[in-house]
Amino acid sequence: MESQNFTHEPVSTNETPHPQVNGTKITIALPICMFAGGAIGNLIAIIVLSVSRQERKSSAFYTLVCGLAVTDLLGTCLASPLTIANYMDFNVLKVKRVCEFHSFLLLFFGLTGLSIICAMAAERYMAICCPYTYERWRVNRRFAQKFLFFIYISHILFCCLPVMGMSVSKVQKTGTWCFIDWGTHKPVAASYSGMYGVVSLLLILGTIVLNLAVCGALLLMRQRTAQRPVTRASVRQRWRALSSAAETQMIAVLVMTSVVVLACSAPLVVRVFAKLMLKQYSDSDLAAIRIASVNPILDPWIYILLRRSLFRRLLSLSRRGSSTRSSSSPATQRNLFHPELMRESHVFTHLMCNANIMTQLPATVKFTPHDAESLCQT
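All values reported here derive from a predicted model rather than from experimental measurement. (Residues numbered from 1 in each chain as written. Predicted model: local features only at pLDDT ≥ 70, side-chain atom pairs only at ≥ 80, totals over all residues. Heavy atoms only, no water.)

Another point: the side chain of Ser115. Residue position: Ser115 is located in helix H5 (residues 96-129). Apart from the residues lying within four places of it in its own chain, the contact partners of Ser115 are Ile151, His155 and Leu203. (Helix = DSSP H or I, 4+ residues; strand = E, 2+ residues; numbered from the N terminus. Contact = heavy atoms within 4.5 Å.)

Okay, structure coming up:
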């Protein structure tokens, strides 16, 4: 005798669901540890951000980082309890509305996290490579808040399309998580899976391209600065501070961002396209969603703690034996390791000081030596 469930293929009533085994207590430890790691890590990140200097709080990058931490925290606190509850009672996700809600959470927070990370990369690209556009558009805290609101609203509408009938949410073969029916033969449902995969892929590629563009611009700026003679020691020290500490710190953060985004999000995107072509279940599906779930756990440590404390300690250790550190003044050393050098206002000022090597500056803008010296000294 067989029973039909709204999201399952026919199964025998005497058959035990796949995840309900004698080692349940061992299996449930994984989602519990992931929930604890994501919640604690993002809470620490939010606390660290809340005690930051007021100047950092007013920046667009700071606002986007806060939005990412809050998004990761909400995603962890909403999705993980349902997964844990399903491990305790394997009938939880068989309820239609609960399954649809769980699928919506995975779709929404996965896509929103990618969008915010891409927005952070775009903000840094504009601040470094397009300073005039950055200032003209007034990219500040309010601008970032409006953009975050746009991301949330647009993604809510997009991820609600399965509930509206464009696709269907179903319990996956392991019985531990719900997702869209990404192996369906129906054209409308398959088109939604394809759109979700394409949007995710574009966000990943956009983040990588923007990060590489920023890294290339900073390296090129440093190379041109080193090749040109500098007459004033103060200007030389300023540019050494910008091109060594802040630049190296930024490159490290952006490279880590690219690695984490690619490692955590790419497997799920690959599985989306593979399911559309193969139309069959694979054990890689569960591995892909678990890898994607690691992203909220790693994000706070990369974007917050690495930037504020560990990287500064590594820089101080690497420069402890150098001669330049002993010959520089205390004020220069504070600027060298101070994270405020990464604010867009500082970056813009230093770009203006080095206008001779910035080929993208408009020809209509003229600076006298007195103006350049005044900018560098402020």
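Moving on, we come to helix H7 (residues 141-159). If you check H7, its first and last C-alpha atoms are 27 Å apart, about what 19 residues at 1.5 Å a residue would give, namely 27 Å. The set of residues buried in H7 consists of Ala144, Leu148, Ile151, His155, Phe158 and Cys159. End-on view of H7: buried residues confined to an arc of 100°, all on one side of the axis. Relative to its buried face, H7 has exposed residues pointing more than 90 degrees away, namely Arg142, Lys146, Phe149, Phe150 and Leu157. With a side-chain oxygen lying 3.3 Å from the backbone nitrogen of Arg142, the N-terminal cap of H7 falls on Asn140. (Expected span 1.5 Å × (residues − 1). Buried < 20%, exposed > 50% of the residue type's maximum accessible area, 1.4 Å probe, protein only. Arc of directions from axis to C-beta. Polar contact = N/O pair within 3.5 Å; in protein donor to acceptor, adjacent residues only side chain to side chain.)

A few words on a nonpolar patch on the surface. A contiguous nonpolar surface patch, about 440 Å² in accessible area, is contributed by Trp137, Phe143, Phe147 and Phe150. Here Trp137 shows up in the loop between helix H6 (131-136) and H7. (Patch = residues over 30% accessible without salt bridge, like charges linked within 9 Å, V, L, I, M, F, W, Y side chains within 5 Å. Areas by Shrake-Rupley, 256 points an atom, 1.4 Å probe, with all protein chains shown as cover. Salt bridge = Lys/Arg side-chain N within 4 Å of Asp/Glu carboxyl O.)

In this structure, Leu107, Met120, Cys159, Trp177, Phe179 and Trp182 are the most contacted members of the largest nonpolar core, which totals 48 residues. Taken together, the elements giving at least two residues each to this core come down to helix H4 (60-88), H5, H7, strand S4 (178-180), helix H8 (187-227), helix H9 (233-278) and helix H10 (284-318). Ranked by the residues each element gives to this core, the list is headed by H5, at 16 residues. Residues contacting Trp182, with those up to four places away along its chain left out, are Gln172, Trp177, Ser193, Leu268, Arg271, Val272, Lys275, Leu276 and Asp285. Counting residues in hydrophobic clusters, the runner-up holds 5 residues, among them Ile128, Val214, Leu218 and Met221. (Core = buried A, V, L, I, M, F, W, Y, C linked by side-chain atoms within 4.5 Å.)

Okay, the state of the cysteines next. Any covalent bond linking the sulfur atoms of two cysteines counts as a disulfide. In this structure the tally under the stated criterion is 1 disulfide. In this model Cys99 forms its disulfide with Cys178; the gap between the sulfur atoms is 2.3 Å. In this structure the cystine formed by Cys99 and Cys178 twists about its S-S bond by roughly -120°; its chirality is therefore left-handed. On the criterion of sequence distance, the pair formed by Cys99 in helix H5 and Cys178 in strand S4 is long-range, its members being 79 residues apart. Judged on exposure class, the residue Cys99 and its partner Cys178 are both buried. (Disulfide = S-S within 2.5 Å.)

Everything listed is a geometric property; what it means functionally is a separate question.
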